[in-house]
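Structural overview for review
Letter by letter, the chains look like this.
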Amino acid sequence: MKFSGKNVLITGASRSIGAEIARVLAAYGLKVWINYRSKPEIADALKAEIESNGHKAAVVGFDATDEEAFIEGLKLITQSDGELSYLVNNAGITNDKLALRMKTEDFMQVIDANLKSCFIGCREGLKLMSKQRFGSIVNIASIIGERGNAGQTNYAASKGGMIAMSKSFAYEGASRNVRFNCVTPGFIQTDMTDSLSDEIKENYKKTIPLARFGQAHEVAEAVAFLLSDSASYITGEVLKVNGGLYM
């Protein structure tokens, strides 16, 4: 795939799907900025891994829910590289409880970590990319934001909001040649799914038409496509990566 830009920031990129997105985008020739909130040693190890494969990477630490810190992180990137070409809003958390037992604090914690951080990234990214009349932003939402799920009212609200918000940003960014899209992963094999019992995993797989969990690199390739010039006429869309679980 071809990329007209030269660098990308990935929030929450030090592990799991975020780390794989960094690996894949680096392999396509982009300089990847690996964002982390805590444990810089994990981000540094990923940077070293990417560089050992002959690609470019840098590390930038900030809490994506902290507006001032996010803006300072973007300043560091633009001072270093002169621009920000691409952004992947990947940072997020879960805090699952049945709605009847969910406190307002539990709800807002997830909204802040997932939706607020994405809003800050989209807004500030649009400001920077508007100046260069070019850019692409991909937000990592979730199948839960499309179909809901018991015990995940807060998570569903945050990811569903992310989808709707991305469409609104797409309208505002279009005249400036800045695109906004979402990827909605289904069940992806991660440390979290690895911890499930074999019985639970098999029961989940029975509900998936492709009869398996997805791999992180399959999500990362979908992200790469939406960022790339191959998707230059795509904005405001949702690309499902869920094995047919929700069509």
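Residues numbered from 1 in each chain as written. Predicted model: local features only at pLDDT ≥ 70, side-chain atom pairs only at ≥ 80, totals over all residues. Heavy atoms only, no water.

Naming follows an unreviewed UniProt entry, where the protein chain appears as 3-oxoacyl-[acyl-carrier-protein] reductase of Helicobacter fennelliae MRY12-0050. Turning to the protein chain, the UniProt annotation filed under Sequence similarities (unreviewed entry) states: "Belongs to the short-chain dehydrogenases/reductases (SDR) family." UniProt, in the comment section headed Function (unreviewed entry), describes the protein chain in these words: "Catalyzes the NADPH-dependent reduction of beta-ketoacyl-ACP substrates to beta-hydroxyacyl-ACP products, the first reductive step in the elongation cycle of fatty acid biosynthesis." (UniProt positions renumbered as here; feature names shortened; annotations may be inferred.)

Attention now goes to the overall build of the protein chain. Looking only at helices and strands, the protein chain features nine helices and seven strands. Against the 2.2 N^0.38 benchmark of 18 Å for 247 residues, the protein chain shows a C-alpha radius of gyration of 17 Å, consistent with a compact globule. When contacts within the protein chain are restricted to residue pairs at least 6 apart in sequence, long-range pairs at least 24 apart make up 73% of them. The distance from the centre of the 28 positive side-chain charges to the centre of the 28 negative ones in the protein chain is 3 Å. (Helix = DSSP H or I, 4+ residues; strand = E, 2+ residues; numbered from the N terminus. Rg over C-alpha atoms; globule rule 2.2 N^0.38 Å. Contact = heavy atoms within 4.5 Å. Lys, Arg positive; Asp, Glu negative; His and termini not counted. Charge placed at Lys NZ, Arg CZ, Asp CG, Glu CD.)

In this numbering, the UniProt entry assigns the feature "domain: Ketoreductase" (unreviewed entry) to residues 6-191. As a span, residues 6-191 carries 52% helix and 18% strand, and end to end its C-alpha atoms are 31 Å apart.

All right, on to the packing of aromatic side chains then. What the rule picks out here adds up to eight aromatic pairs. Both rings, one in Phe3 and one in Tyr86, keep their centres 5.7 Å apart while their planes meet at 85°; by these two values the pair is edge-to-face. With Phe3 in the segment before strand E1 (7-10) and Tyr86 in strand E4 (residues 86-89), this residue pair connects regions lying 83 residues apart in the sequence. For the residue pair Phe3 and Tyr86, the accessibility class agrees, reading buried in each case. (Phe/Tyr/Trp six-rings, centres within 6.5 Å; stacked < 30°, edge-to-face > 60°. Buried < 20%, exposed > 50% of the residue type's maximum accessible area, 1.4 Å probe, protein only.)

Let's shift gears to the pairing of E4. Neither face of E4 is open: one carries Tyr86 and Val88, the other Leu87 and Asn89, and all of them are buried. Where E4 lies against strand E5 (residues 135-140), four bridges are found, and the strand directions are parallel. Residue pairing in the sheet places Val88 in a bridge with Val138 of E5. Following the chain from E4 across helix H4 (residues 104-132) to the adjacent parallel E5, one finds a crossover that is right-handed. (Pairing = 2+ DSSP bridges. Right-handed = clockwise from strand over helix to strand, strands pointing away.)

Remark: H4 packs on helix H6 (residues 153-174), axes separated minimally by 9 Å, with the N-to-C direction vectors making an angle of 15°. Judged by the angle between their axes, H4 and H6 are roughly parallel. Like other packed secondary-structure pairs, H4 and H6 cross with a definite hand, here right-handed. Across from Asp106, Phe107, Val110, Ile111, Asn114, Leu115, Cys118, Phe119, Cys122, Arg123 and Leu126 in H4, the residues of H6 making contact are Thr153, Asn154, Tyr155, Ala157, Ser158, Lys159, Gly161, Met162, Met165, Phe169, Glu172 and Gly173. (Axes fitted to C-alpha atoms, helices over the stretch in contact; angles between N-to-C directions. Parallel < 35°, antiparallel > 145°, perpendicular 65-115°, else oblique. Left-handed = near helix turned anticlockwise from the far one by under 90°.)

Attention shifts here to helix H3 (residues 67-81). Quick reminder: α-helices carry 3.6 residues per turn. Residues three or four places apart thus point the same way. The terminal C-alpha atoms of H3 lie 21 Å apart, and with 15 residues this matches the ideal 21 Å at 1.5 Å per residue to within 8%. Here H3 has its buried residues at Phe70, Gly73, Leu74, Ile77 and Asp81. The buried residues of H3 occupy an angular sector of 95° when the element is viewed end-on, so they sit on one face. Relative to its buried face, H3 has exposed residues pointing more than 90 degrees away, namely Glu68 and Gln79. Sitting at the amino-terminal end of H3 is Asp66, which places a side-chain oxygen 3.2 Å from the backbone nitrogen of Glu68. (Expected span 1.5 Å × (residues − 1). Arc of directions from axis to C-beta. Polar contact = N/O pair within 3.5 Å; in protein donor to acceptor, adjacent residues only side chain to side chain.)

Turning our attention to the pattern of salt bridges. Under the definition given, this model contains 14 salt bridges. Its salt-bridge partner being Lys2, residue Asp229 comes within 3.1 Å of it at the nearest N-O pair. You can see Asp229 sitting in the loop between helix H9 (216-227) and strand E7 (238-241) and its partner Lys2 sitting in the segment before E1, a full 227 residues away along the chain. The exposure class assigned to Asp229 is partly exposed, which follows from its relative accessible area of 22%. Connected through shared salt-bridge partners, Glu67, Arg123, Glu124 and Lys127 make up one network. (Salt bridge = Lys/Arg side-chain N within 4 Å of Asp/Glu carboxyl O.)

In space, the seven strands of this open sheet follow the order E3-E2-E1-E4-E5-E6-E7, with parallel pairing throughout. Each edge of the sheet is formed by a strand with only one pairing partner; in this case those strands are strand E3 (57-61) and E7. This sheet shows a mean twist of 20° between the axes of neighbouring strands, independent of strand direction. Where strand E2 (residues 31-36) lies against E3, five bridges are found, and the strand directions are parallel.

The topology assignment puts Gly145 in helix H5 (residues 144-147). On the accessibility criterion, Gly145 (21% relative accessible area) is partly exposed. Counting along the chain gives 18 residues from Gly145 to Ile163, while the straight-line C-alpha distance between them is 7.6 Å. With near-sequence residues (within four places) excluded, Gly145 lies in contact with Ala156, Lys159, Gly160 and Ile163.

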